[in-house]
Amino acid sequence: MNKETITQQLVEKKVVAVIRGKSGEEAGQLSKAAIDGGIQVIELTYTTPQIEKAFKVLQHTDALIGAGSVLDAETARHAMLNGAKFIVSPYFNEEVAILCNRYGIPYMPGCMTIREMAMALEAGCDVLKLFPANHFEPSFIKSVNGPLPNVRIMPTGGINLSNLKNWLDAGAVAVGIGSDLNKAYQSGGYDAVVELSRNYIQKSEEKVEVS
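Since we're looking at a predicted model, the values are computed, not measured.

A. Looking closely at the layout of surface pockets. There is about 200 Å³ of room inside the largest pocket. Taken together, 14 residues line the largest pocket, and the ones lying closest to its centre are Val18, Thr156, Gly157, Gly178 and Ser179. Elements supplying a minimum of two residues to the lining of the largest pocket: strand S8 (175-177) and helix H9 (179-204). Tallied by class, residues from the lining of the largest pocket come to four nonpolar, seven polar and three charged. By volume, the second largest pocket amounts to about 160 Å³. Along the walls of the second largest pocket sit 13 residues, with Leu58, Gln59, Ile65, Gly83 and Lys85 positioned nearest its centre.

Structure below.
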């Protein structure tokens, strides 16, 4: 897949499971449960010890697998070599942007301000992660799209079942969810993550209300 195809697939799926585990094995189980629940885009975070084990577990699935919490170009390249199809960072890193452009991989950096978003756009980033999204209201997307109409935003951080549709209705091209999945896994195990993932997919597929 090329960069445009990967980006389009992410936008079409709408829900990205941001996976943080106590180990690579746990991250792999969390990811498989999310996939069984219908989530088809997985972001494996590099805050998880031995995350490459999770990449290996998921390499034969049909899900789109990417890497998150990527802080530098070295980590980004490691993720690519382990099969990551997109790279996500908590903030914009020019060296990571250059590397991703070189290999045709979408790079989605975390941005909070118009200046940060403009810099990321100029560096070739097609989708920007609004992070942490719980510091903003969904109407922020419309405000950004005034001066920057080409910005496509994926809010992450604080997204849950009660506000997911509000963000999508406001123009978010996708949303990142994470902590809810971890809590479900810790309290109810694999099956709880499957069920919660199904609820997220069902919510994301509700008809978008145009304001």
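After that view, the rundown keeps rolling.
B. Looking closely at the nonpolar core. By size, the foremost hydrophobic cluster in this structure holds 61 residues, and its most contacted members are Ile42, Leu44, Ile87, Met117 and Trp167. Grouped together as the second largest cluster of nonpolar side chains are 13 residues, Leu10, Val11, Val16 and Val173 included.

C. Fine view of the pattern of salt bridges. Under the definition given, this model contains five salt bridges. For lysine 53, the salt bridge goes to glutamate 25, with nearest N and O atoms at 3.2 Å. Taken together, the positions of lysine 53 in helix H3 (residues 52-58) and glutamate 25 in helix H2 (residues 24-36) put the pair 28 residues apart, joining distant regions of the chain. One salt bridge connects glutamate 195 with arginine 198, and the closest N-O pair in it is separated by 3.8 Å. Pair noted here: glutamate 195 and arginine 198 are both in helix H9, with a separation of three residues, about one helical turn. When its relative accessible area of 43% is taken as the criterion, glutamate 195 is described as partly exposed.

D. View of the environment of methionine 1. Position of methionine 1 relative to the elements: it lies in the segment before helix H1 (3-13). Since its relative accessible area comes to 59%, methionine 1 is described here as exposed. In the structure, methionine 1 is positioned 84 residues away from lysine 85 in sequence and 8.5 Å away in space, judged by C-alpha atoms. Sequence-distant contacts of methionine 1, defined by excluding residues within four places in its chain, comprise Ile6, Gln9 and Leu64.

Conventions and cut-offs
- In this convention, every chain numbers its residues from 1, walking through the sequence in written order.
- Per-residue local features are limited, in this predicted model, to residues with pLDDT of at least 70; the limit for side-chain atom pairs, both in listing and counting, is 80 or more; totals at the level of whole chains, interfaces and linings are taken over all residues.
- Note that the side-chain values use all heavy atoms of the structure and ignore hydrogens as well as water.
- The rule is simple: put a 1 Å grid over the protein atoms alone, call a set of points where a 1.4 Å probe fits but cannot get out a cavity, call an open set with protein on both sides within 12 Å along at least five of seven lines a pocket, and count a residue as lining if it has an atom within 4 Å of a point.
- Grid points are joined across faces, edges and corners, and a volume is the space filled by probe spheres set on the points.
- A run of H or I in DSSP becomes a helix once it reaches four residues, and a run of E becomes a strand once it reaches two; helices and strands are each numbered from the N terminus.
- Gly is put with the polar residues, along with every residue not named as nonpolar or charged; the nonpolar set is Ala, Val, Leu, Ile, Met, Phe, Trp, Tyr, Cys and Pro, and the charged set is Asp, Glu, Lys and Arg.
- What we call a nonpolar core is a set of buried Ala, Val, Leu, Ile, Met, Phe, Trp, Tyr and Cys residues that are connected through their side-chain atoms within 4.5 Å.
- With a 1.4 Å probe rolled over the protein chains alone, any residue whose accessible area is under 20% of its type maximum counts as buried; one over 50% counts as exposed, and the rest are partly exposed.
- By definition here, a salt bridge exists when the distance from a side-chain nitrogen of Lys or Arg to a carboxyl oxygen of Asp or Glu is within 4 Å.
- The contact criterion used is simple: two residues touch if any of their non-hydrogen atoms lie within 4.5 Å.

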